[in-house]
Amino acid sequence: MKRHLFVWIALFLIGSTLTPVTAEAATNSPYQLNVRTGAVLYQFVGKTLVPKTTLKSAKTFPAVTTSGSYYRVLDGKTTWYVRKQDGALQATNLSRSILSASTYARLTHEYMRTLPRGHTPYNYDELKPSTAVSRADAVLKGNWYIPSPPYELRVPNIDTYRFDASIPNVDSNSFKFQIHYFTTLNQLTQAYTVNGRDDYLRYGKRIILSWTKQYPVQDYQRHPWPYHDHGTAIRTFHLLNFWNVYRTSRVNDDPAFSQLFAKTLYEHAALLSTPSFYKPNNNHGIFQDMALTAVAETHRSFDRSAAWRSLATTRLTKQLNHSLSTDGVHLEHSPFYQIYMYDTLSRFNDWAAANRFTLSNRMRDVRDMPSALTYMLKPNGTLPMFGDTPSLVHRPEAIPHIERYPHLRYAMSGGTSGTAPTTRVGRLSDQYAFFRQHWGGRAGKFQDAVHIMMTAGYHSNVHKHADDLSIDVSGYGRDFIVESGRYAYTNRPERQSVLQAAAHNTVHVSGQSFKLMPSNLGRSSITSVGVASTFVQRFHLGVGLNRVENGSRYAYFKDAAGRSLHVLQLDIGPVPKLAVGSSYVSYRDYDWQRRNQVVTTKRGKGVTYLTLLHLGDKPTKIKSYKVETTPRHHLVRYTLSDGTIGTLSMLR
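These lines cover the structure that appears in this document, whether it is placed above or below. (Residues numbered from 1 in each chain as written. Predicted model: local features only at pLDDT ≥ 70, side-chain atom pairs only at ≥ 80, totals over all residues. Heavy atoms only, no water.)

Along the backbone of the protein there are 17 helices and 25 strands. Here the protein holds 652 residues, and 53% of them are scored as buried. Long-range pairs, those at least 24 residues apart, make up 65% of the contacts in the protein with a sequence separation of at least 6. Carbon together with sulfur atoms contributes 51% to the accessible area of the protein, which is approximately 28900 Å² in total. (Helix = DSSP H or I, 4+ residues; strand = E, 2+ residues; numbered from the N terminus. Buried < 20%, exposed > 50% of the residue type's maximum accessible area, 1.4 Å probe, protein only. Contact = heavy atoms within 4.5 Å. Areas by Shrake-Rupley, 256 points an atom, 1.4 Å probe, with all protein chains shown as cover.)

See below:
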């Protein structure tokens, strides 16, 4: 008797908290409850909830609301109560207005808590467990780590923090970009997966509440950093991943927050799909397509998800047709993005496969990107600094599925593992050409091989410098002729200088730079010059190559280890005038080192440069040379100071 009395009292207390909803609202409810066979249906008798009937077969009812451990449903005009464990909540056509309506707050909370799709996350920035925890612990104390300079952001109280006024003005564009794409939320999310501390999630919730209050999506055009095209896409992934752990946590007890979160995701997807917000022919647009796909696939109950999924697939196909060649070269003028976009797209393929989502057919071609990367790498493990490429050493463990690419593993491991490639000369789409002396072994030490890479081609302005027809030359373990780097994404004068033609190893009209404008896309050439124009050829040297001597046609350099470079202008066309000057190189962000450059000018029309470069692992000079010109070739016969004799043949 006491046990039954307790049950009746509990049911009475539950019933007293239920919110009345009209029959008309329930009939049009976007939420339905699939109730299992044998489930007990309850009704109120007076103020007491009592069992009334048992379902003989499964049945679907419009859902009205939830309260305690029950759903309230309608069967025509009859109201029933069903225990949550006896029914599965489903949703259809969830619109922004529905996700904003207080009527459905509790059902939205339940729907968001029990999402059946997208449980395998896509991590834009995957952290080591110890790193995630240390950064999350600092966040709880108000010390945010941001991956770009000045790296630190002090947030005394996130509930009152003014993102628009309190973030310091710094010259690194990446700083605000990363703050607003929720790099901190990502740290908290990944730390929670390590040790399950609820305070990480509570703080993450506070970030979302504070940020969304300050930046309503309808004002996105007024807020370029909060609603940056690329940043909005990355933030969408960080939001999805946060909810993936938050939804089943102990702290998920606030229907109002669940509703806000669902609405925020919906609004992000709607913005990502907006044509005027989209970045075509740009890797930013690829991220937008990826994020839109993620929302559409994870939340198929949103009323626009089917259209979003189709749009994202179509746009992604167009993006890859533009920026990924059939031989796996990323065509945004920057070798670093060959690695960055392969890592991004390969892991996105893995994410889709793990969640059984469908992607553009062109995503299959991502698997060819590591093969092209093999030949871009210099013997020291870095990439030529064309476009926005810093000088970073790349390791095999940073490449997804490296075990599938034995040639790339060999190139990245310095020849210690994998399989040695046999190709030494080739073209990578119409963007790059490479020349490699050898791959180690009997031919010589792996790290001493001479590596030359050339870039040309103007596909878009994305990461494009005025560096058409530029080269990078390394050998014997050092850079001989090297690009200027990217400096950093900043408004500093150094950033502007590395974009100009004068910062690159190229030929250009004196006082002019290449015009990076839409009308010149696909036309990598000098289209018109004056009869008596002055042309400039530039070679920017590696740091530590010191001038020993130079004349009007030559310059000779050595470094502290005795490695040498001899630059010699041969007798072709107008008389050259060679001079040694200085320039700067940025091997990594905010690095700015002085080095030598060789500048040769020629005046006239139809100017040709024929330059002989000799690299030596010891002090060696070009002692003599002779040029013979045929209708098709220039033949150069030369003798070195150590007695070596050689012949070169070049097409005219």
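With that out of the way, let us pick up empty space enclosed by the protein. Applying the stated criterion across every chain, the model contains two cavities of 30 Å³ or more. Empty space within the largest cavity amounts to approximately 150 Å³. What lines the largest cavity is a set of 17 residues, among which Gly118, Leu240, Asn241, Asn244 and Thr298 lie closest to the centre. Every element with two or more residues in the lining of the largest cavity is listed here: helix H10 (229-246) and helix H12 (283-298). A total of five residues in the lining of the largest cavity trace back to one element, the largest contributor, which is H10. Grouping the amino acids of the lining of the largest cavity by side-chain chemistry returns nine nonpolar, six polar and two charged. (1 Å grid on protein atoms, 1.4 Å probe; cavity = no way out; pocket = protein on both sides within 12 Å on 5 of 7 lines; lining within 4 Å. Points joined across faces, edges and corners; volume = space filled by probe spheres on them. Nonpolar A, V, L, I, M, F, W, Y, C, P; charged D, E, K, R; others polar.)

Next up on the list: the sheet that holds strand S14 (residues 478-481). Strand order in the open sheet formed by five strands is S10-S11-S12-S13-S14, and the pairing between neighbours is antiparallel. Each of the sheet's edge strands pairs with one partner strand only, and the pair in question is strand S10 (425-428) and S14. Neighbour-to-neighbour, the strand axes of the sheet open up by a mean angle of 20 degrees, direction not taken into account. Relative to strand S11 (residues 432-436), S10 is paired through four bridges, and the arrangement is antiparallel. Each bridged residue has a counterpart across the sheet, and for Gly426 the counterpart in S11 is Phe434. (Pairing = 2+ DSSP bridges. Axes fitted to C-alpha atoms, helices over the stretch in contact; angles between N-to-C directions.)

Under the definition given, this model contains 40 aromatic pairs. Measuring from centroid to centroid gives 5.5 Å for Tyr42 and Tyr70, while their planes differ by 85 degrees, and the two rings are edge-to-face. In this pair, Tyr42 sits in strand S2 (residues 40-45) while Tyr70 sits in strand S5 (residues 70-75), placing the two residues 28 residues apart along the sequence. Looking at Tyr42, the relative accessible area reads 11%, which means it is buried. In this structure Tyr70 comes out as buried when scored by relative accessible area, which is 7%. (Phe/Tyr/Trp six-rings, centres within 6.5 Å; stacked < 30°, edge-to-face > 60°.)

This paragraph deals with the nonpolar core. In a soluble, globular protein the nonpolar side chains are often hidden away together inside. Tyr31, Tyr111, Trp144, Phe163, Phe261 and Trp308 are the most contacted members of the largest nonpolar core, which has 127 residues in total. Considering each element in turn, this core owes the most residues, ten residues, to helix H14 (residues 336-355). Other than its neighbours up to four places away in sequence, Trp144 contacts Val139, Tyr151, Glu152, Leu153, Val155, Ile158, Phe163, Ile179, Thr184, Tyr203 and Ile207. Among the nonpolar cores identified, the runner-up in size contains 16 residues, and Val450, Ile471, Ile481 and Leu541 belong to it. (Core = buried A, V, L, I, M, F, W, Y, C linked by side-chain atoms within 4.5 Å.)

Turning next to unusual backbone geometry. Residues Pro149 and Pro150 are joined by a peptide bond in cis, for which omega reads 5 degrees. As for its position among the elements, Pro150 is in the loop between strand S8 (143-145) and strand S9 (152-154). Located in the positive-phi region is His463, a residue other than glycine, with phi close to 60 degrees. Secondary-structure assignment places His463 in the loop between strand S12 (451-455) and strand S13 (470-475).

With that out of the way, let us pick up the side chain of Asp591. Mapped onto the secondary structure, Asp591 falls in the loop between strand S20 (577-585) and strand S21 (593-603). Overall, the relative accessible area of 14% leaves Asp591 in the buried class. Once residues lying within four places of it in the same chain are set aside, the contact partners of Asp591 are Tyr487, Val585 and Ser586.

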